[in-house]
Amino acid sequence: TRKQNENAIKLERERLRVTLHSIADAVITTDTLGVITSMNPMAEQLTGWGHGEATGTPVSAVFRIFVGDSDEASPSPVDLVLKSGAIAGLAPETSLLRRDGTRVAIDDSASPIRDADNDIVGVVLVFRDVTVSREQAGRVTHQASHDALTDLINRREFEQQLAVVLDGEGPQGKGHVLLFLDLDEFKIVNDTSGHLAGDELLKAVATVLGAQLRPSDELARLGGDEFAVVLRDCPLDAGLRVAESLRNAVASFRFTWHQRTFVIGVSIGVVQFRAGNSFSQLMSQADAACYIAKKQGRNRLHVHVDGREATVRRN
């Protein structure tokens, strides 16, 4: 009967309401114009909008999403569903701008709501807060590519970045410069004051070196007291000036530990290279150039360019 059908519909709606209120995910439903028809408590919590004020409002005003922390708007999954009739998801690193101006990292999916005739009558948007898991993933990624002591990129990441430069084209004529650095008096600090002092020295030197470089330059700790730098799109003469500034900065630095002050130096191997050079040969040349600088008296630069060798001492 009609009364029974009405009661059945009311019961089904109540079951749906209870279900939407009890699930942990945020849920928003819209009509075919993208206007909100309902939202559950979790959606209210994440968006900062109450059900009463959001209902009848375009979903674009409530569900405001962006690419990460940028001001670049992310495509609306509701619009995508209404245009394609297919399930749509969010782009990676999407954030939701809440009503109070704060942001929360989310992922979601949007699906069409169809009637008995399979016509689309609306969209259901399901999303969740993934801030914690995304931060954890970011920390894991950072730890895998960075040195735990100095927070510089590690050898593995440096080699990957160098490989990218070797595969690239870059401005014609400039080329790039690789610097291989080895501290000269690190063993003395370690042997006389212990590994804790050595660790603090390495952290301090990383800061000293970084202050001399451009944001586009790649500074890495390769391990022990060895560091490396890639100077992108840098001619040799400019690379030598940078190497000299690094050598001078380290030589001028004074490391104090328990009332004892240490003067250290750095030997630097310099190699000019271009895209297409052999990765293994380039690293070998830089390492060998640094070794020669150290053997010839330390606290100096040794340059390897197209088979010609030159050692430069700076006082």
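Residues numbered from 1 in each chain as written. Predicted model: local features only at pLDDT ≥ 70, side-chain atom pairs only at ≥ 80, totals over all residues. Heavy atoms only, no water.

*Asks:* In this structure, what is going on with the overall build of the protein chain? I would like to understand it.
*Replies:* Within the protein chain, the regular secondary structure consists of eleven helices and 15 strands. Restricting to contacts in the protein chain with at least 6 residues of sequence separation, those with at least 24 account for 59%. Total accessible area computed for the protein chain in this model is approximately 16,800 Å², and 51% of it derives from carbon and sulfur atoms. (Helix = DSSP H or I, 4+ residues; strand = E, 2+ residues; numbered from the N terminus. Contact = heavy atoms within 4.5 Å. Areas by Shrake-Rupley, 256 points an atom, 1.4 Å probe, with all protein chains shown as cover.)

*Asks:* Hey, could you run me through the pairing of strand β2 (residues 36–39) in this one?
*Replies:* The side chains of a regular strand alternate, first on one face of the sheet and then on the other. Note: strand β1 (residues 26–30) against β2, three bridges, orientation antiparallel. Within β2, the position partnered with isoleucine 28 by the bridge is methionine 39. Linking β1 back to β2 in an antiparallel pair, the connection comprises five residues, with glycine 34 at a positive phi of about 80°. (Pairing = 2+ DSSP bridges.)

*Asks:* What should I look at first to understand the packing of helix α7 (residues 155–167) against helix α11 (residues 279–295) in this one?
*Replies:* A packed helix pair is summarised by two numbers, namely the angle formed by the two axes and the spacing between the axes. In the contact formed by α7 and α11, the axes pass within 11 Å of each other and the chain directions differ by 120°. At the point where α7 passes α11, the crossing takes the right-handed sense. The segment α7 lies against α11, with Arg155, Phe158, Glu159, Leu162 and Leu166 engaging Phe279, Leu282 and Met283. A class-by-class count of the residues in the contact of α7 with α11 yields six nonpolar, no polar and two charged. (Axes fitted to C-alpha atoms, helices over the stretch in contact; angles between N-to-C directions. Left-handed = near helix turned anticlockwise from the far one by under 90°. Nonpolar A, V, L, I, M, F, W, Y, C, P; charged D, E, K, R; others polar.)

*Asks:* It is not clear to me how unusual backbone geometry should be interpreted in this structure. Could you clarify?
*Replies:* With the exception of glycine, most residues fall at negative phi, and the peptide bonds are largely trans. The backbone of asparagine 118 shows a phi angle near 70°, a positive value even though the residue is not glycine. Along the chain, the position of asparagine 118 falls in the loop between β6 (103–114) and β7 (120–129).

*Asks:* What's the story with helix α10 (residues 236–252) in this structure? I'm lost.
*Replies:* Because the α-helix completes a turn every 3.6 residues, residues three or four places apart line up on one side. Helix length check: α10 (17 residues) gives 24 Å between terminal C-alpha atoms against 24 Å at 1.5 Å per residue, within 8%. Inspection of α10 places Leu236, Ala238, Gly239, Val242, Ala243, Glu244, Leu246, Arg247, Ala249, Val250 and Ala251 among the buried residues, and these make up the whole buried set. (Expected span 1.5 Å × (residues − 1). Buried < 20%, exposed > 50% of the residue type's maximum accessible area, 1.4 Å probe, protein only.)

*Asks:* Before we go on, may I ask you to explain the side chain of asparagine 154 in this structure?
*Replies:* Checked against the element boundaries, asparagine 154 lands in the loop between α6 (131–145) and α7. Once residues lying within four places of it in the same chain are set aside, the contact partners of asparagine 154 are Ala144, Ser145, His146, Asp147, Ala220 and Arg221.

*Asks:* So what exactly am I meant to see when it comes to the nonpolar core here?
*Replies:* Looking at soluble globular proteins, one finds that nonpolar side chains tend to be buried together. Core analysis: the biggest nonpolar cluster contains 37 residues, and Leu179, Leu181, Phe227, Leu246 and Ile268 have the highest contact counts within it. Of all the elements in the fold, those that place two or more residues in this core are β8 (176–183), α8 (186–193), α9 (195–210), β10 (226–231), α10, β11 (254–257), β13 (266–273) and β14 (300–305). In this structure phenylalanine 227 touches Leu152, Leu179, Phe180, Leu181, Leu183, Leu202, Val205, Ala206, Leu209, Ala220, Arg221 and Leu222, once residues within four positions along its chain are discounted. The next biggest cluster of nonpolar side chains, apart from the first, holds 23 residues, and it includes Val62, Val78, Ala88 and Phe127. (Core = buried A, V, L, I, M, F, W, Y, C linked by side-chain atoms within 4.5 Å.)

*Asks:* Whenever I open this one, the pairing of β11 confuses me. Can you help?
*Replies:* Only one face of β11 is buried, namely the one carrying Phe255 and Trp257, since none of Arg254 and Thr256 on the opposite face is buried. Strand direction decides the pairing type here: β11 and strand β12 (residues 260–263), joined by four bridges, are antiparallel. Counted as the bridge partner of phenylalanine 255 is phenylalanine 262 from β12. A loop of two residues connects β11 with β12, the two strands running antiparallel in sequence, and histidine 258 in this loop sits at a positive phi of about 50°.

*Asks:* What's the story with the packing of α8 against α9 in this structure? I'm lost.
*Replies:* The interhelical angle for the contact between α8 and α9, taken along N-to-C directions, is 145°, at an axis separation of 7 Å. Across the interface between the two elements, Phe186, Val189, Asn190 and Ser193 of α8 pack against His195, Ala197, Gly198, Leu201 and Leu202 of α9. Split into classes, the residues belonging to the contact of α8 with α9 amount to five nonpolar, four polar and no charged.

*Asks:* Please clarify how the packing of aromatic side chains should be interpreted in this entry.
*Replies:* Centre distance and the angle of the planes are the two values used to describe a pair of aromatic rings. Counted by the stated rule, this structure contains three aromatic pairs. Both rings, one in phenylalanine 63 and one in phenylalanine 127, keep their centres 4.9 Å apart while their planes meet at 55°; by these two values the pair is tilted. Of the two residues, phenylalanine 63 sits in the loop between α4 (59–62) and β3 (64–67) while phenylalanine 127 sits in strand β7, which places them 64 residues apart along the sequence. For phenylalanine 63, a relative accessible area of 5% translates into the label buried. Ring geometry for phenylalanine 255 and tryptophan 257: centres 6.3 Å apart, planes at 15°, overall stacked. Given a relative accessible area of 17%, tryptophan 257 falls into the buried group. Through successive ring pairs, a cluster of aromatic residues spans Phe255, Trp257 and Phe262. The ring centre of tryptophan 49 lies 3.9 Å from the NZ or CZ of arginine 99, which sits over that ring. A cation sits over an aromatic face here: arginine 103 above phenylalanine 66, 4.7 Å from the ring centre. (Phe/Tyr/Trp six-rings, centres within 6.5 Å; stacked < 30°, edge-to-face > 60°. Lys NZ or Arg CZ within 6 Å of the ring centre and 35° of its normal.)

*Asks:* When you look at α8 in this model, what are you seeing that I'm missing?
*Replies:* Looking only at α8, the buried set comprises Phe186, Val189 and Asn190. When α8 is viewed along its axis, its buried side chains cluster within an angular range of 95° and face the same direction. Of the residues in α8, the exposed ones pointing more than 90 degrees away from the buried face are Lys187 and Asp191. Packed against the buried residues of α8 are β8, α9, β11 and β12. Glycine 194 sits one or two residues past α8 and shows a positive phi near 95°. (Arc of directions from axis to C-beta.)

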